[in-house]
Amino acid sequence: MSFEVPPDAYTRFMGRYSEPLGALFADAAGVSGGQRVLDVGCGPGALTSHLVARVGVDRVSAVDPSSSFVDGTRARFPGIDARQGVAEDLPYESDSFDVALAQLVVHFMTDADRGVAEMARVTRSDGTVGACVWDLGPNERGPISLLWRMVRELDPDAQDESQLAGVREDELVTLFTNAGLGDIDSSELTVRVAYTSFEEWWEPNTFGIGPAGIYVASLSPERRAALRERCAAELPDGQFELEATAWCALGRS
Ligand SMILES: C[S@@+](CC[C@H](N)C(=O)[O-])C[C@H]1O[C@@H](n2cnc3c(N)ncnc32)[C@H](O)[C@@H]1O
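In this convention, every chain numbers its residues from 1, walking through the sequence in written order. This being a predicted model, a pLDDT of at least 70 is required before a residue's local features are given, and a value of 80 or more before pairs of side-chain atoms are given or counted; all residues contribute to the totals for chains, interfaces and linings. As a convention, hydrogens and water are excluded, and side-chain values are obtained from all of the structure's heavy atoms.

### With respect to the site of the ligand
For the ligand, the set of nearby residues contains 20 residues, the closest of which are Y10, S18, G41, D64 and Q103. Contact between the ligand and S18: an oxygen atom at 2.8 Å from a side-chain N or O atom of the residue. Side-chain polar atom of Q103 to an oxygen atom of the ligand: 2.8 Å apart, as the coordinates give it. In isolation the ligand has 590 Å² of accessible area, and contact with the protein removes 97% of it. Three residue categories are used. Nonpolar comprises Ala, Val, Leu, Ile, Met, Phe, Trp, Tyr, Cys and Pro, charged comprises Asp, Glu, Lys and Arg, and polar comprises the others, including Gly. Its residues assigned to classes, the shell around the ligand shows 13 nonpolar, 5 polar and 2 charged. We call a residue near a molecule or strand whenever a single non-hydrogen atom of that residue lies within 4 Å of it. The term polar contact refers here to a pair of N or O atoms within 3.5 Å; inside protein, the definition further demands a hydrogen-donor-capable atom paired with an acceptor-capable atom, and it admits residues adjacent in sequence only when both atoms are side-chain atoms. Residue-level accessible areas treat just the shown protein chains as cover; the underlying method is Shrake-Rupley with a 1.4 Å probe.

Below is the structure:
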């Protein structure tokens with residue numbers, strides 16, 4: 001899944017969820033001073049910022065296939081080791097890190113088994129490998145679950161994200177087990193995000209980011225207006241808050 005989009009647009013769309021999620025994820029993984037940490041699929045740096053705050057920029061590496069995100073991460077964290085690459089073929093020597101984390105990335109990997117195995121390879125023995133992915137399965141607890149539900153009402157054949165790797169309960173655990181990781185711990189991470197208006201929620205959905213954004217951008221003006229109207233009927237007027245929950249798995253390499 002390509003994310004060649006401006007970092008600012010991503011931040012307005014998903015970053016408002018992934019920034020607070022990153023704090024919870026870094027805490028769950030026990031990231032602390034002295035560790036060497038890898039952020040796989042770093043995007044514009046939502047998790048990276050929390051890793052840099054905990055261990056310092058010199059001890060964080062970040063990798064992403066999107067050149068706009070790699071450039072954005074370098075600009076945001078001067079001096080960081082940010083590289084263009086994919087999880088399935090990580091551009092690092094074996095045993096380079098104490099901790100390797102992937103936040104909201106496993107479901108976009110071309111080969112999730114290989115991506116997690118690569119994260120285990122670059123992590124030292126007894127180090128920590130972690131991943132979190134929104135709950136986009138039947139519980140529909142992701143930030144874009146409401147949007148996809150409204151899409152399906154208008155277009156039952158639309159291809160949503162509910163079949164992607166890792167979005168259902170225990171799928172991350174299975175991926176971690178297959179990669180030979182031990183002491184696997186599974187949990188949920190929940191964030192709350194405030195909006196001042198429906199428009200603030202709706203507009204970023206039209207930026208063409210990720211599968212949902214690409215779907216919305218592909219609609220005719222009439223169908224997009226119908227979807228917007230349906231979503232507006234589901235959300236309060238004025239200010240509101242939304243909750244989103246991610247599955248989280250941590251294992252020992
Ligand atoms: C939803 S964004 C998450 C970005 C960031 N981790 C965050 O929490 O905001 C998904 C990211 O995964 C990256 N990505 C997609 N396929 C990937 C792959 N095969 N390996 C590594 N990263 C990938 C995308 O470029 C994008 O930056």
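### A word on the environment of E200
Helix and strand definitions here come from DSSP, where helices need a minimum of 4 consecutive H or I residues and strands a minimum of 2 consecutive E residues; each element is numbered from the N-terminal end. Structurally, E200 can be placed in helix α7 (residues 198-202). Only protein chains enter the accessibility calculation, which uses a 1.4 Å probe; a residue whose area is less than 20% of its type maximum is buried, one above 50% is exposed, and one in between is partly exposed. Exposure remark for E200: the relative accessible area of 27% places this residue in the partly exposed category.

### Let's talk about the pairing of strand β3 (residues 81-84)
Any two strands with at least two DSSP-identified bridges between them are counted as paired. Direction of pairing for strand β2 (residues 60-64) relative to β3: parallel, over a ladder of 4 bridges. From the neighbouring strand, A62 faces β3, where its bridge partner is A82. Crossover handedness is defined here as right-handed if the route from the first strand over the helix to the second strand goes clockwise, with the strands pointing away from the viewer. In terms of handedness, the path from β2 via helix α3 (residues 67-76) over to β3 forms a crossover that is right-handed.

### Here's the deal with the pattern of salt bridges
The working definition used for a salt bridge is a side-chain nitrogen of Lys or Arg within 4 Å of a carboxyl oxygen of Asp or Glu. Applying the stated criterion across every chain, the model contains 17 salt bridges. E19 serves as the salt-bridge partner of R76, at 3.2 Å between the closest nitrogen and oxygen. Note that R76 is positioned in helix α3 and E19 in helix α1 (residues 7-28), a separation of 57 residues in sequence. The partly exposed category is assigned to E19, whose relative accessible area is 22%. One salt bridge connects R228 with E199, and the closest N-O pair in it is separated by 2.4 Å. Residue R228 is found in helix α9 (residues 221-234), and its partner E199 is found in helix α7; the two are separated by 29 residues along the sequence. With a relative accessible area of 36%, E199 lands in the partly exposed category. Among the charged side chains, a network of salt bridges with common partners joins E140, R149, R152 and D160.

### Quick word on the sheet that holds strand β5 (residues 123-134)
Taken in spatial order, the 7 strands of this open sheet run β3-β2-β1-β4-β5-β7-β6, and their pairing is mixed. With one partner strand each, in any of the chains shown, β3 and β6 (182-195) form the two edges of the open sheet. Across the sheet, the mean angle from the axis of one strand to that of its neighbour is 20 degrees, orientation sign disregarded. Direction of pairing for β5 relative to strand β7 (residues 240-252): antiparallel, over a ladder of 7 bridges. Throughout, an axis means a line fitted to C-alpha atoms (over the contacting stretch in the case of helices), and angles, computed between N-to-C directions, take values from 0 to 180 degrees.

### What to know about the packing of aromatic side chains
Working definition: rings of Phe, Tyr and Trp (its six-membered ring) pair if their centres are within 6.5 Å, and the pair is stacked with planes under 30 degrees apart, edge-to-face with planes over 60 apart, and tilted otherwise. Counted under the stated rule, the structure contains 12 aromatic pairs. Here the aromatic rings of F3 and Y10 are separated by 6.5 Å at their centres, their planes lie at 75 degrees, and the arrangement is edge-to-face. Of the two residues, F3 and Y10, neither departs from the other in class, the shared state being buried. A centroid spacing of 5.1 Å and a plane angle of 80 degrees characterise the contact between Y92 and F97, whose relative ring orientation is edge-to-face. Counting every residue linked through ring pairs, the aromatic cluster contains F3, Y10, F69 and F108. Directly above the aromatic system of W247 lies the positively charged group of R141, at a separation of 5.2 Å from the ring centroid. Whether a charge sits over a ring comes down to the Lys NZ or Arg CZ being within 6 Å of the ring centre and within 35 degrees of the ring normal.

### What about the side chain of D98?
Within the fold, D98 resides in strand β4 (residues 97-103). Non-local contacts of D98, meaning those with residues more than four positions away in its chain, are made with G34, Q35, R36, T123, R124, G127 and T128. Two residues qualify as a contact provided that any one of their heavy atoms is within 4.5 Å of a heavy atom in the partner residue.

### Thoughts on the packing of α1 against α3
Between two packed helices, what matters for the description is the angle formed by their axes and the separation of those axes. Put simply, α1 and α3 touch, their axes get as near as 12 Å, and they point 75 degrees apart. When the axis of α1 is compared with that of α3, the two are roughly perpendicular. Contact residues: α1 offers P7, Y10 and E19, while α3 offers S68, F69, G72 and R76. Residues of the contact of α1 with α3, tallied by class, amount to 3 nonpolar, 2 polar and 2 charged. Should an angle fall under 35 degrees it is called roughly parallel, over 145 degrees roughly antiparallel, and 65 to 115 degrees roughly perpendicular, with every other angle called oblique.

### Brief notes about helix α5 (residues 145-154)
Buried residues of α5: S145, L146, L147, W148, M150 and V151, and no others. Residues of α5 that are buried sit in contact with α7, α8 (210-218) and α9.

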